[in-house]
Amino acid sequence: MKVCSYIKNHKTERIIAGFAVFAGAGLLTSYGLLLVINTVTSLVSGTSMLSALPFTNTIADFFLAAFYFLASAILFLAGFSLVEAYYGGAVLAGIFGVCLLAASILGTVNSPLGFTAAILCIIGTSLGLLEQRKSPATKTLASVVIEKMAKNSLRILALIAVTSLIFVIAVIVYRGSSYISWSFLTNGLPLGGFQEVDLILEGSKSGVFGIGPALLGSLLVCGTCELICIPLGLGSAIFLAEYAPESAFTRVIHFFVELLSGVPSIILGIFGYTFFTFEFGWSQRSLLGGAICLVFMTLPWNIRVAEEAIKAVSEDFRAASYALGASKLQTIRRVVLESATPGIMTGMLLGFGAAFGEAAVAIFAAGDPQAPFPSTTNIWMFLTGYQMPTLPAWIYGAFRSLDNKTAFWTQEQNVAFAAALVLVAIFLAVTITALLVRNHLNKKLTAT
Amino acid sequence: MRNRISERIIETLLLLCAVSSIGIVFLLIGYLVFQGYPPVINWILHGFGTEFNGVDKFGMIPFIFSTAYVGVGATSLAIAIGLPTAIYLAEFSGPRIRNFIKPSMETLSGMPSIVMGIIAAFYIAPIVVAFFGTAAGYGYCVSTAWIILSIMTLPFVVSISEDALRAVPNSYREASQGLGATKWQTALHVVLPEAKSGILAAVLLSLASILGETMAVWMCIGSIQTPPITLNPLLGSQVISTMIASNIYGLSEGGTAGQTHALLQAVYGAGLVLLTVIGLLNIVVAILVKNRSRGRNNA
């Protein structure tokens, strides 16, 4: 009865337009259902209902079914808003019809099915548009429907965004954790590099080879980078915030800092790869070369964050310090820097995290992951004369040795994921500490 | 007196620190120009060329095309998911959800690209193969690069456009809803147009970071020596940044001497082209942001 009265209350043209799109959506749903049934039966009985498909194609069918369901859900919404005479529904159905048509011609969707659904959509759209032109839309119900539709589809998209990020973390933790052990963290690679280890056999014993030198090298490179970066960045920030008045000169410096933060890492990588060898005669790739390139990357970070932190210190503090007879330098050192420390630390930690995960610089400016850890007592040679293995480069090397085996889920891939897990764990620990420090600071600032 | 002198010395030292960033930029760009000017002049005088063999032909058009194709595709994908997410967070969700999602997004926006690279190579490439079958080869192709790049820039897009949306004064929303508009209508017709320049800045910044991204793309795009000029997203390709990476990696594993020098120059020239494009994008964003803050202050 309800359906009958609903239909009576709406114009026939709208009903026809909406139901044409409903029919298209129904077709897609039925095909999706068929795919799911096929997948389930073939998983249970081992043979496919529709045709003899191998296992990877059942996964494909599953994804395809999800795709069909999503498409038909959108089409149902479009049909409903066509019945309610809302213009947006017609546009949505039209766009979908054209896409389906293109997909069926290209053969991405089941072509006779996609073709029929597309024709139905386009008929519905044109009827809806004609009807729309004749009579103004009934505003109230339509806007309520659209409101709900919009809110829910926005929610779905937000969910997709969050899911994709959770997926990344989950995959790394799940695949990597099985290989993590103390000896994986401390052992190195044999002299011949990745070619000499059987990643499955020796990896599963987990103790024959590991990321030890690379981890140490990464920490050394990033530590050296911070040693150079902190005084330089802090000095610039103090100068910009305390000494230089707002002028063309400071604007130029700010502009160059911005420019430097936009330089892609690969440019820094090739710079490090050639500059220090050609101009200074250092080893092709070295600890100090890598660290200097990383300074180029983290310096803008450090300057910007430290400057903001210094500027956020209340003017009253400075005035009080001056009133007590302190000089400018004393004021900066004792009052301003002390209040700005959490902010400066945030910048430092974020810079360290970014430098730690930076692979292009590590590979091209610091060194080959398969190189032995330099053993020399001469500090300058240690800094510039030898290649320094790093963790990102280690992961890339492992990937490289797996490169031609692109199967979906092989055990040897877990080795790369294990090294990635270590990298991500350190990166997240550093970044989260930085954010906690920042939030703590913000709370303190708003409290006073 | 002694105090005054030491203050002057320290001030000078601080000035030197501040000037160092200018020095670094000049060093970088100067070195790039110094190393890569012959091919760039050649490209400007004789056209960018369509062939690249790494020995005597260094055409750039295939790389420029594929870089634009990958960049625009990935940015559109990131915007298509990121902007609605930002609208949801700014206009519809409660503070609890926002306070959870926003910081985690910010944490993840710096996710090391090498990690995203192995996810792309070991998960997304097989999924693309599962979807499109043998047409996609091993799945090392443009569409895989699109997907991983859009996941990488998603937190960035969401964060910046949510900030832009939230910067719209609440009085606008109240006025619109007071006139009887629904939340969605307010978001679509009042808040979005008002936040337009901020969202445009987010789009351009994410495009710039996508163009500069190397590792994740390098591990999943297939590294064809000369990328085909085609719109088929299932073919392997090579963008400028990965072309630089592949060639330098090849050199580091050994190459003949004569080939090395010319190739190195071409690679530096390509780096110069890439840096110019990214620099221009950043400058446009800086101008946009400046205009916006000026508009706010006048209003």
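Predicted model only: the values in this text are computed from it and were never measured.

Glancing now at the overall build of chain B. Regarding its fold elements, chain B presents 11 helices and 0 strands. For chain B, the sequential pattern of α-helices and β-strands runs α-α-α-α-α-α-α-α-α-α-α. With the C-alpha coordinates aligned to their principal axes, the bounding extent of chain B is approximately 80 × 70 × 35 Å. Evaluated residue by residue, chain B yields a buried proportion of 48% over its 299 residues. Considering only contacts in chain B between residues 6 or more positions apart, those separated by 24 or more positions represent 76%.

Our focus in this paragraph is the overall build of chain A. Counting its regular elements, chain A contains 18 helices and 0 strands. Contacts in chain A between residues at least 24 apart in sequence constitute 79% of all its contacts with a sequence separation of at least 6.

What follows concerns the confidence of the model for chain A. On average, residues of chain A score 79 in pLDDT, and 83% of them reach the 70 mark or higher. Confidence scores differ between elements of chain A, with helix 8 (residues 201–205) of chain A showing the lowest mean pLDDT of 57 and helix 9 (residues 212–243) of chain A the highest of 89.

Next up on the list: the interface of chain A and chain B. The partner chain B presents 70 residues to the 73 residues of chain A that form the contact. Its residues placed into classes, the side of chain A that touches chain B shows 55 nonpolar, 13 polar and 5 charged.

In this structure, A:Ile395, A:Ala419, A:Ala420, B:Ile118, B:Ile148 and B:Cys220 are the most contacted members of the largest nonpolar core, which totals 226 residues. Take this core: its biggest share by element is 16 residues, from helix 12 (residues 287–311) of chain A. Residue contributions to this core reach at least three from each of two domains, namely domain 1 (2–137) and domain 2 (193–447) of chain A. Aside from chain neighbours lying at most four places away, what touches A:Ala419 is A:Ile211, A:Leu391, A:Trp394, A:Ile395 and A:Ala398.

What follows is about the packing of helix 12 of chain A against helix 14 (residues 328–357) of chain A. Residues and elements named next belong to chain A. Two elements in contact, helix 12 and helix 14, have axes separated by 8 Å at closest approach and are oriented at 155°. With respect to helix 14, the element helix 12 is oriented roughly antiparallel. When you trace helix 12 past helix 14, the crossing you get is right-handed. Contact residues: Leu294, Met297, Thr298, Trp301, Asn302, Val305, Ala306, Glu308, Ala309 and Ile310 in helix 12; Val336, Ala340, Gly343, Ile344, Thr346, Gly347, Met348, Leu350, Gly351, Ala354 and Ala355 in helix 14.

Take the environment of B:Gly222 next. All names here are of chain B. Mapped onto the elements, Gly222 comes out in the loop between helix 9 (215–218) and helix 10 (240–252). With 22 C-beta atoms counted inside 10 Å, the residue Gly222 sits in the buried group. Ignoring any residue separated from it by four or fewer positions in sequence, one finds Gly222 in contact with Tyr140, Cys141, Gly236 and Ser237.

Residue and element names in this part refer to chain A. Contact geometry for helix 10 (residues 248–261) and helix 12: axes closest at 8 Å, N-to-C directions at 135°. When the interaxial angle is binned, helix 10 and helix 12 end up oblique. At the point where helix 10 passes helix 12, the crossing takes the left-handed sense. Seen from helix 10, the contacting residues are Val257, Leu260 and Ser261; seen from helix 12, they are Phe296, Leu299, Pro300, Ile303 and Arg304. Partitioning the contact of helix 10 with helix 12 into residue classes produces 6 nonpolar, 1 polar and 1 charged.

Here helix 2 (residues 61–92) of chain B is 32 residues long and its end C-alpha atoms lie 45 Å apart, about the 46 Å a rise of 1.5 Å per residue gives. Helix geometry: helix 2 of chain B is bent most strongly at B:Ile79, by close to 25°.

With that out of the way, let us pick up the environment of B:Ile148. All names here are of chain B. Within the secondary structure, Ile148 sits in helix 5 (residues 142–166). Since 27 C-beta atoms lie within 10 Å of it, Ile148 is described here as buried. It is 7.8 Å that separates the C-alpha atoms of Ile148 and Gly117, two residues lying 31 residues apart in sequence. If we skip the residues at most four places from it in the chain, Ile148 touches Met116, Ile119, Ala120, Ile124, Ala216 and Cys220.

Further remarks concern unusual backbone geometry. Positive phi values are uncommon outside glycine, yet B:Ser223 reaches one of about 45°. On the secondary structure map, B:Ser223 appears in the loop between helix 9 and helix 10.

Rules of the game
- Residues numbered from 1 in each chain as written.
- Chains lettered and ligands numbered in written order.
- Predicted model: local features only at pLDDT ≥ 70, side-chain atom pairs only at ≥ 80, totals over all residues.
- Helix = DSSP H or I, 4+ residues; strand = E, 2+ residues; numbered from the N terminus.
- Buried ≥ 20, exposed ≤ 12 C-beta atoms within 10 Å, placed from the backbone.
- Contact = placed C-beta atoms within 7 Å.
- pLDDT = per-residue confidence, 0-100.
- Nonpolar A, V, L, I, M, F, W, Y, C, P; charged D, E, K, R; others polar.
- Core = buried A, V, L, I, M, F, W, Y, C linked by C-beta atoms within 7 Å.
- Domains from an automatic or database assignment.
- Axes fitted to C-alpha atoms, helices over the stretch in contact; angles between N-to-C directions.
- Parallel < 35°, antiparallel > 145°, perpendicular 65-115°, else oblique.
- Left-handed = near helix turned anticlockwise from the far one by under 90°.
- Expected span 1.5 Å × (residues − 1).
- Bend = angle between axes of the 7 residues up to and from the residue.

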